[in-house]
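# Topology and contacts: notes
One letter stands for each residue in the lines below.
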Amino acid sequence: MTVPTTDDNVPDGRSLHARIAADLRDEIMSGDLAPGAKLPSTVHLKARFDASSATVQKALQLLKDERLVIGRAGAAVTVRENRQRTIDPTASLTTAPTGAAYPWLASAAAHGGTARSTLLEVGEVTPPADVAAALGLQDAQAALLRRQLLHIDDEPAELVCSYYPLEIALGTALAEPRRIKGGTPTLLTGLGFPPRLSVDRVSARVPTQEQCGALRLPRDLPVLRTLRTVYGDGDRPLEVTVMVKAGHLYELRYEFTPEP
């Protein structure tokens, strides 16, 4: 059997079942294997990848663990209907009327899913270095952290850690251990700090232990990490949020309008 190589003739060091899963995963994510479609038979996959039945089954088990396909005894393995969700990052920046549902949750419900958020932590912390730099904090200066886990259809979707300057957050609903109706953009606007600009930095990373556990990742699959800085009047940083979601289950959709 020929070992696949890159353009630089470096052998692919992954096991055969991992490589098979990678190829099938790409076909699922690109839509070549559509939601509800049956995966090729074991016989077909054995011939295509020059692999044994056991190796093919190990590859399919990886995809099952990743919640991309469903397999039942005596039935064909099929692609899950919600195998990938497209997220509009601007939805979390939309203000909502007082008392209304958080826009991110309302958006998920509008697409036929159920959504909820669980507040995990509220308190003063020393933020990570990149967050502190975005907030303009000095060494070891504290910020207020609000950490929550978002679920779609009862599955963990995103781990969200939002940090706020203490001079803005203390004494407000941001510092209280409860969810904020309408979301923080609505609250910040009401406090006299309307968001004016949001800047996202998106990277792919190997998940931390906390992220792997919270998102129920079967192993160290890459995650999408978004570092978002929200600015107010005078380019003052109001909020820095780190959002982490499973890279194989979610994609980000951005829209841009060309300048004239």
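First, a word on what this report is: a plain description of the structure on this page.

In this section: the sheet that holds strand 9 (residues 237-246). The six strands are arranged 4-5-6-9-8-7 in an open sheet whose pairing can be described as antiparallel. A strand with exactly one partner marks an edge of an open sheet, and here the two such strands are strand 4 (115-125) and strand 7 (197-205). Sheet twist, expressed as the average angle between the axes of neighbouring strands with direction ignored, equals 15 degrees.

Applying the stated criterion across every chain, the model contains one aromatic pair. Judged by centre distance (6.3 Å) and plane angle (25 degrees), the rings of Tyr-254 and Phe-256 are stacked. The partly exposed category is assigned to Tyr-254, whose relative accessible area is 35%. What makes Phe-256 exposed here is its relative accessible area of 71%.

Looking now at the environment of Ala-214. Its location among the elements puts Ala-214 in helix 8 (residues 209-214). Its relative accessible area of 22% is what places Ala-214 among the partly exposed residues. As a C-alpha pair, Ala-214 and Leu-159 span 55 residues in sequence and 7.3 Å in three-dimensional space. Non-local contacts of Ala-214, meaning those with residues more than four positions away in its chain, are made with Leu-149, Pro-156 and Leu-159.

As enumerated under the stated definition, the model contains 14 salt bridges in all. Between Arg-236 and Glu-167 there is a salt bridge, with its nearest N and O atoms 3.7 Å apart. Pair noted here: Arg-236 is in the loop between strand 8 (223-231) and strand 9 and Glu-167 is in helix 6 (residues 166-169), with a separation of 69 residues, a long-range link. Classification of Arg-236 as partly exposed rests on a relative accessible area of 32%. For Glu-167, a relative accessible area of 57% translates into the label exposed.

On to the pairing of strand 9. The side chains of a regular strand alternate, first on one face of the sheet and then on the other. Burial of strand 9 is extensive: ten of the ten residues sit out of reach of the surface. In the sheet, strand 6 (residues 155-164) pairs with strand 9 via five bridges, with the strands oriented antiparallel. Each bridged residue has a counterpart across the sheet, and for Tyr-163 the counterpart in strand 9 is Val-240. When strand 8 meets strand 9, the two strands line up antiparallel, connected through nine bridges. The residue bridging Leu-224 from the neighbouring strand is Lys-245, located in strand 9. In textbook terms, the turn of a hairpin is the stretch between consecutive antiparallel strands, and for strand 8 and strand 9 this stretch comprises five residues, one of which, Gly-234, has a positive phi near 70 degrees.

About the cut-offs
- Residues numbered from 1 in each chain as written.
- Predicted model: local features only at pLDDT ≥ 70, side-chain atom pairs only at ≥ 80, totals over all residues.
- Heavy atoms only, no water.
- Pairing = 2+ DSSP bridges.
- Helix = DSSP H or I, 4+ residues; strand = E, 2+ residues; numbered from the N terminus.
- Axes fitted to C-alpha atoms, helices over the stretch in contact; angles between N-to-C directions.
- Phe/Tyr/Trp six-rings, centres within 6.5 Å; stacked < 30°, edge-to-face > 60°.
- Buried < 20%, exposed > 50% of the residue type's maximum accessible area, 1.4 Å probe, protein only.
- Contact = heavy atoms within 4.5 Å.
- Salt bridge = Lys/Arg side-chain N within 4 Å of Asp/Glu carboxyl O.

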